[in-house]
Amino acid sequence: MVEQEPTAGHRLGAPDTLGISTLEAGQKPPAVPSGRRAAVRVRMLDDSEEIFDVSQRASGKVLFEMVCAHLNLIEGDYFGLEFQDHRKMTVWLDLLKPIMKQIRRPKHTVLRFVVKFFPPDHGQLMEELTRYLFALQIRQDLATGRLTCTDSSAALLVSHIIQSEIGDFEETQCRQHLLNNNYIPDQMALMDKIMDFHHTHVGHTPAESDYQLLEVSRRLEMYGIRLHPAKDREGTKLSLAVAHTGVLVFQGHTRINSFNWSKVRKLSFKRKRFLIKLRPDLNSTYQDTLEFVMASRDCCKVFWKICVEYHAFFRLFEEPKPKPKPVLFSRGSSFRFSGRTQKQVMDYVKETEFKKLPFDRKHSRVQYNSALSPLPSPLHSQVPNQAEGRSQKELALVSSEDSAALRIRQSPSPSAQQNGQSDGVLWAGGEARGQAPGVRQQAAELHTADGAGLSVSLVNGHRRGDELNATIPSPDGQQPSPLTSPLLNDAGALRTDDEEENRRKRFPTDKAYFIAKELLTTERTYLKDLELITLTFQSVLSKEECVPESLRKLLKSSFEPLHTYHSDFLKELEQRLALWEGRSNAHIKGDYQRIGDVMLKNTQALKMLTAQLQKHAECVGELEKACVASRRLASVCRDFELQKACYVPVNVFILRPLHRLLHYKQILERLCKHYPATQPDFRDCRAALADVSELEAVLRDSMLKTDNYQRLLELQKDLLGVEGLAVPTREFIRLGCLSKLSGKGLQQRMFFLFSDVLLYTSRGITASNQFKVHGQLPLRGMTIRESEDEWGVPHCFTLVTPRQSLVVAASSISEMEKWMEDLKMAVDLAEDCSGPATSLLTNSHDVKSPGEWASEVESEDDLGGSRTSLERHGNSSAHHRGNTTVHVCWHRNTSVSMLDFSIATENQLSGNLLRKFKNSNGWQKLWVVFTNFSLFFYKTHQDEFPLASLPLLGYSVTVPAESENIHKDYVFKLHFKSHIYYFRSESEYSFERWMEVIRSATISSSRTRYLNRKEPY
């Protein structure tokens, strides 16, 4: 007997509720009516049966919630309970009606828990448990003959099923398993083909096999189709079905017609006639009303109901409100859809806090824990799994705003190496890095290697309030692994308010001092970045024979002189600031309260290193060329980028010396603006500014071209299905999310705008976390027009090319304006260019049958030509692509341009900040670095790697309101949905600087505003 279990309620943070997915956050399910009880049997998708004890007066919703609670299922809205009524018709349990009014003989009735709504893209299913249940439904449909397909597709589907059940291919075991289990009709004839497919799936985990099974299934014509027999007006035997797109008409198992929801004005039935009223269309040959005859009125009503529910679930934004009951007479059915729509389900899973619990796979013999699953083999594709068990040394608190936007780097653990596994990264919510996460983070418990001892519970990536100040011990006394948001230990880092005020009073208050201090703090970060290439990276390369000698010499001659110079410069800055603050014995006021003389001396020395600075663009090109030529070197570079200290791509570190010139120029400009002309330090600052400006002018063209080339290289790693993206003549302009209007409605797509072409892509849960290119639009001959009135979609515009047109919608009016502005500029550039337009798409995008497509996507190596060298050979490191700016834009539905990248490059900043959570006590001191649209958090500036990162795209930065009771000076607030962080700076100058640089990352700049602000470098 199964009773209500509290575990699912705890998942949703509401212990006193049943906690299933059809409720709004914080809302309790309806109370179970008292009275006589009845035992109701429910058969699950794994063929197990459970008995639920419910009141005879309880509604169907109560029973459905109990089933979801028993399964710990969050996305229960995709499922339903079906049964055979007294007329021997299969019907769905109505959630609003009492159970006993629907089931006359509960003791003799078995309800079946099955999939009710089949989404067009299983990437929209965010939980592994949900995908597992869908896979079980596919398994049933294959066995019963509901899901018909070609022999090749059937064999491929079965091969994924047995991979999830028995694991990697072993001929004797596979053959015996097929003999003992029947998955499809006439299975014996396809046994050899099934085994051939199974042999290609080596290393796939059960979760990955589920994903691939659904990927193949969704492309079949009969996927999710439930046929309802009918006849047309001429008496021809047909079948009707409903899908997410609309009403479908089949003859046998062949679809002969479809009526999209956008074309349907009304669905109704009259006796046993089912009526489809279409919207007027002059180009259509159909009558205004189509009529189909079904076996009976009851059959009509059953099909009409499921049509109503499908339309509401996939097309509406929210559950339809009940109609008021008529006073005297009622006309027509009062039936309505009850539950969440798909949009509500997806939003709910993104935003609601809950814990993920493990589940068992009944048919699987593979040793696999859904909540503690290891990283997959580097030789095959990867899909979302849950947190992996790790040693105590690698324990990390995982927290984030967007699971796909953030990452945690991990080094291999001895235990994992012994098991033949490659330790990678824990995603926010405990998802292993290298496995494409869903669109929201999930809670997990990270345990020590022996499964006992320390565990930290997380809710939606955040520790609960009673754990916020908990200290995470480490056996070697070192810091935990880097986190994905600033949820760090408060212990040992708290300052009292009095201590902080006393510390401030000891230091100078002159603005020039704080400008000089910014120079010092950013120089510390810059030197750390230089050391990463000069010492760490070159040390790694020195151990590899595959590195060309010319590349070794180039890196050494470019970086070692700069490292020596900046090491001395930093020491001089530290000495000067110590004197300025009065922390030395030389308290001679005035002589040391200046910085211009130090800057002038060192900028003159820096000009002597112009030759070294000119080599950095060459370093990027030579490294890429060497990686293309050597698979081993590509693997070495890829592994180096996975180290905790390498918090941005290697090429970004190589270009840091060029970007540092821009920072020197900005700091000197602020000093010159601050000082009066009579100030003694003004002359030195102005002379130093002239030297830096001269040097920056010499390197500007090379810097701009190399920045663009580096950006193209990084984007090509994020794209699947393109080749030859990084060419000298192509410029990156903008990337971001737009919704593409199609027959299925608005579909989220990622667009990449270059100077000659516009690519549009989608992100599925793939092995490489890449965006699959769906198509390209050449810019030459393209026209852009607003079309909100034409289509009735807000912020909508149409892209028209000689061969096709595309209707897209932005998330806001400002986003639409920025896209249209950049598109028009790009079209003008393309018109001025000569030469034929080239296609970026690889041959893998040729149209294929579902079976051919599915068999080809199994091998990532086949797609190697679409990647740059660092990603081309194997996909063992593909999982670290999930944290890039592209993924952040995808999950936060925004866009960035090359101008935004340029502004972010200019506005790099670092220094100490005090951090406070919304509900925490006290402030924690952190060393914070802003770069690459993100904040990186350290305990101190001496730390080798960040403890946490927080991507800022989509956030807003404001000053706390009076009602928030933050009674401190120089406090700013970062806010995204329900996530709120407070940061406190030490002075008015640093407060303004942090606000300025964070705004540059959180507010995408339009080209007009940027050019009005200043000329680009």
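Residues numbered from 1 in each chain as written. Predicted model: local features only at pLDDT ≥ 70, side-chain atom pairs only at ≥ 80, totals over all residues. Heavy atoms only, no water.

Engineer: Mind showing me how you'd approach the overall build of the protein chain here?
Structural biologist: Along the backbone of the protein chain there are 29 helices and 34 strands. For the protein chain, contacts bridging at least 24 residues in sequence account for 66% of all contacts bridging at least 6. Total accessible area on the protein chain stands at roughly 42700 Å², and carbon and sulfur atoms take up 49% of it. (Helix = DSSP H or I, 4+ residues; strand = E, 2+ residues; numbered from the N terminus. Contact = heavy atoms within 4.5 Å. Areas by Shrake-Rupley, 256 points an atom, 1.4 Å probe, with all protein chains shown as cover.)

Engineer: Quick question: what am I supposed to make of the packing of aromatic side chains here?
Structural biologist: Geometrically, a pair of aromatic rings is defined through the distance of the ring centres and the angle of the planes. Taken as a whole and assessed by the stated rule, the structure comprises 34 aromatic pairs. Where Y647 meets F653, the ring centres are 5.4 Å apart and the plane angle is 90°; that geometry is what we call edge-to-face. On the basis of relative accessibility, which here comes to 6%, the residue Y647 falls in the buried class. With relative accessibility at 1%, the residue F653 sits in the buried group. Taking the centre distance of 6.0 Å and the plane angle of 15° together, the rings of F937 and F983 count as stacked. Pair noted here: F937 is in strand 30 (residues 934–938) and F983 is in strand 34 (residues 979–984), with a separation of 46 residues, a long-range link. (Phe/Tyr/Trp six-rings, centres within 6.5 Å; stacked < 30°, edge-to-face > 60°. Buried < 20%, exposed > 50% of the residue type's maximum accessible area, 1.4 Å probe, protein only.)

Engineer: How do you make sense of the sheet that holds strand 5 (residues 110–115) when you look at a structure like this?
Structural biologist: Hydrogen bonding along the main chain pairs the strands of a sheet, whether they run parallel or antiparallel. The 5 strands are arranged 2-1-5-3-4 in an open sheet whose pairing can be described as mixed. At either margin of the open sheet sits one strand with a lone partner, and together these are strand 2 (49–55) and strand 4 (90–92). Pairs of neighbouring strands in the sheet enclose a mean axial angle of 35°, with direction left out of account. As paired strands, strand 3 (residues 79–84) and strand 5 are joined by 4 bridges and run antiparallel to one another. Each residue of the ladder has a partner; that of G80, found in strand 5, is V114. Sheet strands touched by helix 2 (residues 60–71): strand 1 (37–43), strand 2, strand 3 and strand 5. Its angle to strand 2, the strand with the most contacts, is close to 135°. (Pairing = 2+ DSSP bridges. Axes fitted to C-alpha atoms, helices over the stretch in contact; angles between N-to-C directions.)

Engineer: Would you mind showing me how to read the pattern of salt bridges here?
Structural biologist: Note that side chains of opposite charge can pair when their charged atoms are close. In this structure the tally under the stated criterion is 43 salt bridges. Put simply, E49 and R41 hold a salt bridge, and the shortest N to O gap is 3.4 Å. The closest approach of N and O atoms between K607 and D691, which form a salt bridge, is 3.6 Å. Of this pair, K607 sits in helix 15 (residues 596–607) while D691 is found in helix 21 (residues 680–718), placing the two residues 84 residues apart along the sequence. With a relative accessible area of 30%, K607 lands in the partly exposed category. Sharing partners across several salt bridges, the network here consists of R576, R594, D597, D681 and D684. (Salt bridge = Lys/Arg side-chain N within 4 Å of Asp/Glu carboxyl O.)

Engineer: Explanation requested: empty space enclosed by the protein in the structure shown.
Structural biologist: Unfilled space is identified by rolling a water-sized probe across the atoms. Applying the stated criterion across every chain, the model contains 11 cavities of 30 Å³ or more. The volume enclosed by the second largest cavity comes to roughly 190 Å³. Around the second largest cavity sit 17 residues that line it, and H659, R711, F901, T905 and N932 are the ones nearest its centre. Of all the secondary-structure elements, those providing two or more residues to the lining of the second largest cavity are helix 20 (656–674), helix 21 and helix 27 (898–906). In terms of residues, the lining of the second largest cavity owes the most to one element, helix 27, which gives 5 residues. (1 Å grid on protein atoms, 1.4 Å probe; cavity = no way out; pocket = protein on both sides within 12 Å on 5 of 7 lines; lining within 4 Å. Points joined across faces, edges and corners; volume = space filled by probe spheres on them.)

Engineer: It is not clear to me how the state of the cysteines should be interpreted in this structure. Could you clarify?
Structural biologist: A full pass over the atoms with the stated rule returns 0 disulfides. Left without a disulfide partner, C737 is nearest to the cysteine sulfur of C889, which lies 7.2 Å away. (Disulfide = S-S within 2.5 Å.)

Engineer: Could you clarify how one ought to interpret helix 10 (residues 342–351) in this entry?
Structural biologist: Three or four residues apart is the spacing at which side chains of an α-helix point the same way, because the helix has 3.6 residues per turn. Of all the positions in helix 10, only Q342, Q344, V345, M346, Y348 and V349 are classed as buried. On its buried face, helix 10 sits against helix 9 (297–315).

Engineer: Can you help me understand the packing of helix 20 against helix 21 in this one?
Structural biologist: When two helices pack together, their arrangement is captured by the angle between the axes and the distance separating the axes. Direction vectors running N to C along helix 20 and helix 21 enclose 150°, while the axes themselves pass 8 Å from each other. Accordingly, the angle class assigned to the pair helix 20 and helix 21 is roughly antiparallel. The element helix 20 and its partner helix 21 pack so that their crossing is left-handed. Judged by residue contacts, L658, H659, L661, L662, Y664, K665, L668, E669, L671 and C672 of helix 20 engage F682, C685, R686, A688, L689, V692, S693, L695, E696, L699, M703 and D707 from helix 21. (Parallel < 35°, antiparallel > 145°, perpendicular 65-115°, else oblique. Left-handed = near helix turned anticlockwise from the far one by under 90°.)

Engineer: Help me understand the pairing of strand 22 (residues 757–763) in this model?
Structural biologist: Look at any regular strand and the pattern is simple: side chains alternate between the two faces of the sheet. The element strand 22 is extensively covered by neighbouring structure, given that 7 of its 7 residues are classed as buried. Burial along strand 22 is two-sided: the face carrying V757, L759, T761 and R763 and the face carrying L758, Y760 and S762 are both buried. As judged from the 4 bridges shared by strand 21 (residues 745–754) and strand 22, these two strands associate in the antiparallel manner. Paired with F751 across the bridge in strand 22 is Y760. Connecting strand 21 to the antiparallel partner strand 22 that follows it, the hairpin turn spans 2 residues. The pairing of strand 22 with strand 23 (residues 771–778) spans 7 bridges and is antiparallel. Of the residues in strand 23, the one forming a bridge with L758 is L777.

Engineer: Would you explain the side chain of R734 in this entry?
Structural biologist: For R734, the location among the structural elements is in strand 20 (residues 732–742). Looking at R734, its side chain comes within polar contact range of the side chain of S895, at 2.9 Å. (Polar contact = N/O pair within 3.5 Å; in protein donor to acceptor, adjacent residues only side chain to side chain.)

Engineer: Got a minute to help me understand the pairing of strand 25 (residues 796–800) in this structure?
Structural biologist: For strand 25, a buried count of 4 out of 5 residues is recorded, marking the element as mostly surrounded by other parts of the structure. Pairing of strand 24 (residues 783–786) with strand 25 involves 4 bridges; the strand directions are antiparallel. For I784, the partnering residue across the bridge sits in strand 25 and is L799. In this sheet, strand 26 (residues 805–809) lies alongside strand 25 in antiparallel orientation, the contact comprising 5 bridges.

Engineer: How should the nonpolar core be read in this particular structure?
Structural biologist: Note that soluble globular proteins tend to have their nonpolar side chains buried in a common cluster. Counting residues in each nonpolar core, the largest one holds 104 residues, and the members touching the most others are L63, F113, F274 and I276. It is helix 9 that provides the largest number of residues to this core, a total of 10 residues. Contact partners of F274, with chain neighbours within four places excluded, come to L240, L267, S268, F269, L290, E291, F292, M294, C300, F303, W304 and C307. One finds L519, L554, L655 and V692 within the second-largest nonpolar core, a separate group that totals 74 residues. (Core = buried A, V, L, I, M, F, W, Y, C linked by side-chain atoms within 4.5 Å.)

Engineer: Got a minute to help me understand the environment of L142 in this structure?
Structural biologist: Among the secondary structure elements, L142 is positioned in helix 4 (residues 128–144). Spatially, the C-alpha atoms of L142 and P185 are 8.2 Å apart, while their sequence positions differ by 43 residues. Among all residues touching L142, those that are not within four sequence positions of it are L147, L157, I161, Y183, I184 and P185.

Engineer: What is the right way to look at the packing of helix 13 (residues 511–542) against helix 18 (residues 631–641) in this model?
Structural biologist: Where helix 13 meets helix 18, the closest approach of the two axes is 11 Å, and the angle between their N-to-C directions is 140°. As summarised for this structure, helix 13 and helix 18 are arranged oblique, according to the angle between their axes. Where helix 13 crosses over helix 18, the two elements pack in a sense that is right-handed. Contacts from L532, T536, F537, V540 and L541 of helix 13 reach helix 18 at L633, V636, C637 and F640. Here the contact of helix 13 with helix 18 is built from residues that sort into 8 nonpolar, 1 polar and no charged. (Nonpolar A, V, L, I, M, F, W, Y, C, P; charged D, E, K, R; others polar.)

Engineer: So what exactly am I meant to see when it comes to unusual backbone geometry here?
Structural biologist: Backbone phi values are negative for most residues with the exception of glycine, while trans is the configuration of most peptide bonds. Although it is not a glycine, D186 adopts a positive phi angle of roughly 60°. Within the element layout of this structure, D186 appears in the loop between helix 6 (171–180) and helix 7 (191–199).

Engineer: Would you mind going over the confidence of the model for the protein chain with me for this structure?
Structural biologist: Close inspection of predicted coordinates is inappropriate in any region flagged by low pLDDT. When pLDDT is averaged along the protein chain, the result is 76, and 72% of the positions lie at 70 or above. Considering only residues more than four positions removed or in separate chains, one finds that residues 1007–1017, a stretch of pLDDT under 50, has 26 contacts. (pLDDT = per-residue confidence, 0-100.)

Engineer: Help me understand helix 23 (residues 813–832) in this model?
Structural biologist: The end-to-end C-alpha distance of helix 23 is 29 Å, a good match for the 28 Å that 20 residues give at a rise of 1.5 Å each. Within helix 23 the residues assigned to the buried category are E815, M816, K818, W819, M820, D822, L823, A826, V827 and A830. (Expected span 1.5 Å × (residues − 1).)

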